[in-house]
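# Coordinates in review
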Amino acid sequence: MATDAGNAAEHHSRTPGGRGEPLVVLSDVQKHYGDFQALSDIDLTVNRGEVVVVIGPSGSGKSTLCRTINRLETITSGSITIDGKELPKEGRGLANLRADVGMVFQSFNLFAHLTVLENVTLGPIKVRNMKKADAEREAHVLLERVGVAQQASKLPAQLSGGQQQRVAIARALAMNPKVMLFDEPTSALDPEMINEVLDVMVALAQDGMTMIVVTHEMGFARKAADRVVFMSDGRIVEEATPEEFFTHPKSDRARDFLSKLITH
């Protein structure tokens with residue numbers, strides 16, 4: 001399965017289609033924590049249907065960047081727009097906009113007291129005002145899509161880490177988001193569970209989902225990304241196609257980073 005997904009993903013990354021109009025636009029974004037500048041002069045445009053993988057050393061600002069896009073982190077200055085609308089500061093406007101931005105975290109963040117099915121249907125019922133029967137029908141389709149349909153009635157604690165993360169992906173998809181953010185989605189998983197989550201993500205990329213993925217998984221970046229964004233010290237140092245970046249990195253920082261990676 002991984003091989004097929006990988007081959008398909010390689011085809012995806014070479015196919016010129018799927019470049020829509022700008023969907024997520026960060027313009028001159030700055031983020032300070034007191035005197036510490038976590039993000040500096042961030043300009044980034046992600047087009048509809050594009051898969052952008054953000055990589056870089058620990059502490060380079062990757063996760064902070066990801067979390068500003070749905071305002072889990074507020075920015076100090078600059079602007080972020082999603083589908084032409086600037087992120088609201090708070091209130092219902094922010095809740096509505098957040099519903100358009102699916103987020104998958106390092107820790108799965110599932111509600112422990114709810115079943116898998118209830119976790120996936122909660123958002124559509126509460127935020128999208130969907131009828132329970134409709135939400136459940138769609139949830140079953142999504143759980144099938146991510147390969148955990150048999151687990152619908154179980155509690156998260158009864159699932160493996162890989163299964164829980166796939167439920168988290170289904171939960172985000174249930175809101176029918178315009179863009180999916182993945183913040184280190186496999187870093188809390190045992191090695192044998194990583195591919196089952198990456199396979200789901202590769203399939204999403206194949207289906208044309210707009211994705212911004214912070215990850216240490218260079219194989220996924222090579223296979224599924226349309227563009228690799230390399231960050232260091234809170235700045236975007238370079239961005240390029242995976243082929244370009246991994247074979248001819250332009251900056252010393254990127255070359256140094258790549259030279260330290262253990263190739264599997």
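Quick caveat: nothing in here was measured; it's all calculated off a predicted structure. (Residues numbered from 1 in each chain as written. Predicted model: local features only at pLDDT ≥ 70, side-chain atom pairs only at ≥ 80, totals over all residues. Heavy atoms only, no water.)

Attention shifts here to the pattern of salt bridges. When their charged atoms lie close together, side chains carrying opposite charge are able to pair. Tallying each qualifying case throughout the model produces 18 salt bridges. When the shortest N-O distance is used, the salt bridge between Glu21 and Arg48 registers 2.9 Å. Of this pair, Glu21 sits in the loop between helix 1 (2-14) and strand 1 (22-33) while Arg48 sits in the loop between strand 2 (36-47) and strand 3 (51-55); the two residues are 27 residues apart in sequence, bridging distant segments of the chain. Judged by relative accessible area, which is 28%, Arg48 ranks as partly exposed. Where Lys260 meets Asp256, a salt bridge forms, and the shortest distance between an N and an O atom there is 3.0 Å. It is possible to trace a salt-bridge network through shared partners that takes in Glu21, Arg48, Asp83, Asp100, Arg128 and Lys178. (Salt bridge = Lys/Arg side-chain N within 4 Å of Asp/Glu carboxyl O. Helix = DSSP H or I, 4+ residues; strand = E, 2+ residues; numbered from the N terminus. Buried < 20%, exposed > 50% of the residue type's maximum accessible area, 1.4 Å probe, protein only.)

For the chain, per-residue confidence averages 89 on the pLDDT scale, and 92% of positions sit at 70 or higher. Scored below 50 in pLDDT, residues 1-18 shows 24 contacts in the model against residues more than four places distant or in partner chains. (pLDDT = per-residue confidence, 0-100. Contact = heavy atoms within 4.5 Å.)

Take the UniProt feature "domain: ABC transporter" (unreviewed entry) in the chain next. This chain's UniProt record puts "domain: ABC transporter" (unreviewed entry) on residues 24-258. For the annotated span residues 24-258, helix accounts for 38% and strand for 26% of the residues, and the straight-line distance between the end C-alpha atoms is 27 Å. (UniProt positions renumbered as here; feature names shortened; annotations may be inferred.)

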